[in-house]
Amino acid sequence: MPQAVISGTGLYQPPHVITNAELVEAFNRYATLQNEKNADAIARGEQAAMTMSSVEFIEKASGIKQRYVIEKSGVLDPLRMYPRFEERGDDQLSLMGEIAVDAARKALAAAGKTAADIDAVFCAAANMQRAYPAMAVEIQNALGAGGYGFDMNVACSSATFAFEQAVNAVRSGSARCVLVVNPEITSAHLEWRDRDCHFIFGDVCTATIIESAETATSADQWEVLGTKLATQFSNAIRNNFGFMNRSEDSDPLARDKTFRQEGRKVFKEVVPLAAAHIEAHLAAMNLEPTQMRRFWLHQANLGMNQLILKKLVGAEPGGDLAPLVLDTYANTASAGSVIAFHEYRGDLKSGDLGVICSFGAGYSIGSVIVRKK
Ligand SMILES: CC(C)(COP(=O)(O)OP(=O)(O)OC[C@H]1O[C@@H](n2cnc3c(N)ncnc32)[C@H](O)[C@@H]1OP(=O)(O)O)[C@@H](O)C(=O)NCCC(=O)NCCS
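Below is a summary of the structure that appears in this document. (Residues numbered from 1 in each chain as written. Predicted model: local features only at pLDDT ≥ 70, side-chain atom pairs only at ≥ 80, totals over all residues. Heavy atoms only, no water.)

Things to note about the overall build of the chain
No. 1: Each helix and strand counted, the chain has 10 helices and 13 strands in total.
No. 2: Relative to its length of 373 residues, the chain is compact, with a C-alpha radius of gyration of 21 Å against a globular reference of 21 Å.
No. 3: Here the C-alpha coordinates of the chain stretch approximately 70 × 55 × 35 Å along the principal axes.
No. 4: The 373 residues of the chain split such that 53% are buried.
No. 5: Counting contacts in the chain only where the partners sit at least 6 residues apart, residues at least 24 apart contribute 77% of the total.
No. 6: Taken as a whole, the chain presents about 16100 Å² of accessible surface, with 51% of it coming from carbon and sulfur. (Helix = DSSP H or I, 4+ residues; strand = E, 2+ residues; numbered from the N terminus. Rg over C-alpha atoms; globule rule 2.2 N^0.38 Å. Buried < 20%, exposed > 50% of the residue type's maximum accessible area, 1.4 Å probe, protein only. Contact = heavy atoms within 4.5 Å. Areas by Shrake-Rupley, 256 points an atom, 1.4 Å probe, with all protein chains shown as cover.)

The structure is reproduced here in structure tokens:
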């Protein structure tokens, strides 16, 4: 069986930054306007007044300091509170396709490959822009790649789940060189008008080349020693947007058609699941957490990563062992652990071991154990 290696990664970083201060100012203007509009109902006790958000809360509760977004003016407009994207014609490359192609080209260059070398494209993200044709097929076409492509969605674990599919495709011989892209336009499904979650997400796209060790020529190769996926149903993170909405005569703009979560519950339930998952995966491969040179963890919350790392090795994350990118990128759904891997691996040496691990809605957890060649 051919061995699978990660031979290159690429990152699309959106052009705009929204700082916590800007975000909170826009939210508080929106909340003030709402309270003015509903003053009578609030005075009669029929409606609760909206409470203001705060930079201090966001940084303390999440560790997030800013986020990148593709479009900023709509998000910060208190009369709108979501991005402004222009509808594109069927003959134009879609926005998801565009950011995926950008990240893919960078990953191809890093791996020393051209689009002609790609024989499978997996587009894995928490949301797809449309039902069909698959985003992956559009991306395959835009790049000029061959083979086949498909979309997959396991929310925040989409990337690691796609890595396993890519590794399996390489090992089985159904593909020799796979492109995995994670275009996350989270700004379009985040509820920016909800104080409990308006700070959570940012936009980004990551791309990863997973290929047979026999064809890999990159100077930076990572053997995939093993992958392990797990799911366990939960409604604690949910978005009911979908093709059934019209037939159900439900309101397409209702609160349940964007991201919502019970943050505390997610925190409490997912931390032990993720730590136990990584530990079990390593144990199955006769490895100890302390042998890991790096943990590239999902980037949702600083406190979650601190607790996971403490459970695994008794250490605090940040810096060297489990680098954080959520302070600058926020939670980028499936792309978070891949951004960490993209930005924080250059200092590792041949033989060094690490784990890429995602966790999120589903619940879903995916771990990928890698060794620097
Ligand atoms: C979302 C999350 C950051 C919230 O942090 P938390 O410490 O659990 O905060 P809570 O929601 O319990 O709120 C604590 C208090 O702050 C208040 N608060 C909530 N949002 C606020 C905001 N933006 N500004 C100021 N105060 C806020 C709440 O009203 C609450 O007040 P109360 O104690 O008087 O009721 C945290 O639960 C989390 O990260 N969970 C992980 C889940 C996750 O990130 N999932 C993403 C998908 S993988």
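A word on the side chain of Glu-138
No. 1: Take Glu-138: it is sitting in helix α5 (residues 135-143).
No. 2: Exposure remark for Glu-138: the relative accessible area of 17% places this residue in the buried category.
No. 3: Those residues in contact with Glu-138, other than ones at most four positions away along the chain, are Gln-92, Leu-93, Ser-94 and Arg-130.

Here's the deal with helix α8 (residues 302-313)
Because an α-helix completes one turn every 3.6 residues, residues spaced three or four positions apart along the sequence face the same direction.
No. 1: Relative to the 16 Å expected for 12 residues at 1.5 Å per residue, α8 spans 16 Å between its end C-alpha atoms, a close match to the ideal helical length.
No. 2: All of the buried residues along α8 are Gly-303, Met-304, Asn-305, Ile-308, Leu-309 and Leu-312.
No. 3: Among the structural elements, α7 (263-284), β11 (294-297) and β12 (353-360) are those in contact with the buried residues of α8.
No. 4: Between the side-chain oxygen at the start of α8 and the backbone nitrogen of Gly-303 there is a gap of 2.6 Å, and the oxygen is on Asn-301.
No. 5: The positive-phi residue at the C-terminal boundary of α8 is Gly-314, with phi of around 70 degrees. (Expected span 1.5 Å × (residues − 1). Polar contact = N/O pair within 3.5 Å; in protein donor to acceptor, adjacent residues only side chain to side chain.)

Let's talk about the nonpolar core
No. 1: Formed by 50 residues in total, the largest nonpolar core has its most connected members in Ile-278, Phe-295, Ile-308, Val-355 and Phe-359.
No. 2: Every element with two or more residues in this core is listed here: α1 (20-37), α7, β11, α8, β12 and β13 (364-372).
No. 3: No other element matches α7, which puts seven residues into this core.
No. 4: Ignoring sequence-local partners within four residues, the contact set of Ile-278 consists of Phe-295, Leu-297, Ile-308, Leu-312, Val-355 and Cys-357.
No. 5: Among the nonpolar cores identified, the runner-up in size contains 36 residues, and Leu-11, Ala-159, Val-180 and Leu-348 belong to it. (Core = buried A, V, L, I, M, F, W, Y, C linked by side-chain atoms within 4.5 Å.)

Examining the site of the ligand
No. 1: In the vicinity of the ligand, 20 residues are found, and the nearest of them are Ser-53, Arg-195, Gln-261, Arg-264 and Asn-301.
No. 2: Asp-196 is positioned such that a nitrogen or oxygen atom in its side chain is 3.5 Å from a nitrogen atom of the ligand.
No. 3: Within the contact set of the ligand, a nitrogen atom lies 3.1 Å away from a backbone nitrogen or oxygen of Gly-263.
No. 4: Protein chains shield 72% of the accessible area of the ligand, which is 960 Å² for the free molecule. (Near = heavy atom within 4 Å.)

Digging into the pattern of salt bridges
No. 1: Scanning the model with the defined rule gives 17 salt bridges in all.
No. 2: A salt bridge links Arg-84 to Asp-77, with the shortest nitrogen-to-oxygen separation between them at 3.1 Å.
No. 3: The residue Asp-347 makes a salt bridge to Arg-294 at a minimum N-O spacing of 2.8 Å. Here Asp-347, found in the loop between α10 (336-343) and β12, pairs with Arg-294, found in strand β11; they are 53 residues apart in sequence, far enough to count as distant.
No. 4: By relative accessible area, Asp-347 is classed as partly exposed at 39%.
No. 5: Through salt bridges with shared partners, a single ionic network connects Arg-293, Arg-294, Asp-320 and Asp-347. (Salt bridge = Lys/Arg side-chain N within 4 Å of Asp/Glu carboxyl O.)

Thoughts on the packing of α1 against helix α3 (residues 55-62)
No. 1: Across the interface, α1 lies against α3 with an axial gap of 9 Å and an inter-helix angle of 125 degrees. It follows from the interaxial angle that α1 and α3 lie oblique. As for the relative orientation of α1 and α3, their crossing is right-handed in sense. Facing α1, whose interface residues are Asn-20, Ala-21, Leu-23 and Val-24, α3 presents Val-55, Ile-58 and Glu-59.
No. 2: Across the contact of α1 with α3, the residue classes break down as five nonpolar, one polar and one charged. (Axes fitted to C-alpha atoms, helices over the stretch in contact; angles between N-to-C directions. Parallel < 35°, antiparallel > 145°, perpendicular 65-115°, else oblique. Left-handed = near helix turned anticlockwise from the far one by under 90°. Nonpolar A, V, L, I, M, F, W, Y, C, P; charged D, E, K, R; others polar.)

Comments concerning the sheet that holds strand β5 (residues 148-152)
No. 1: If you trace the nine strands from one edge of the open sheet to the other, you get β5-β4-β6-β7-β1-β8-β13-β12-β11, paired in mixed fashion. Pairing within the sheet leaves two strands with one partner each, and these edge strands are β5 and β11. Strand-to-strand, the axes of this sheet are offset by a mean angle of 25 degrees, without reference to chain direction.
No. 2: Here strand β6 (residues 177-184) pairs with strand β7 (residues 204-212) via eight bridges, running antiparallel. Bridge pairing in β7 places Val-181 opposite Ala-207.
No. 3: Packing against the sheet, α7 makes contact with β8 (222-231), β11, β12 and β13, and its axis sits at approximately 40 degrees to β13.
No. 4: Packed on one face of the sheet, α8 meets β11 and β12 and runs near 145 degrees to β11. (Pairing = 2+ DSSP bridges.)

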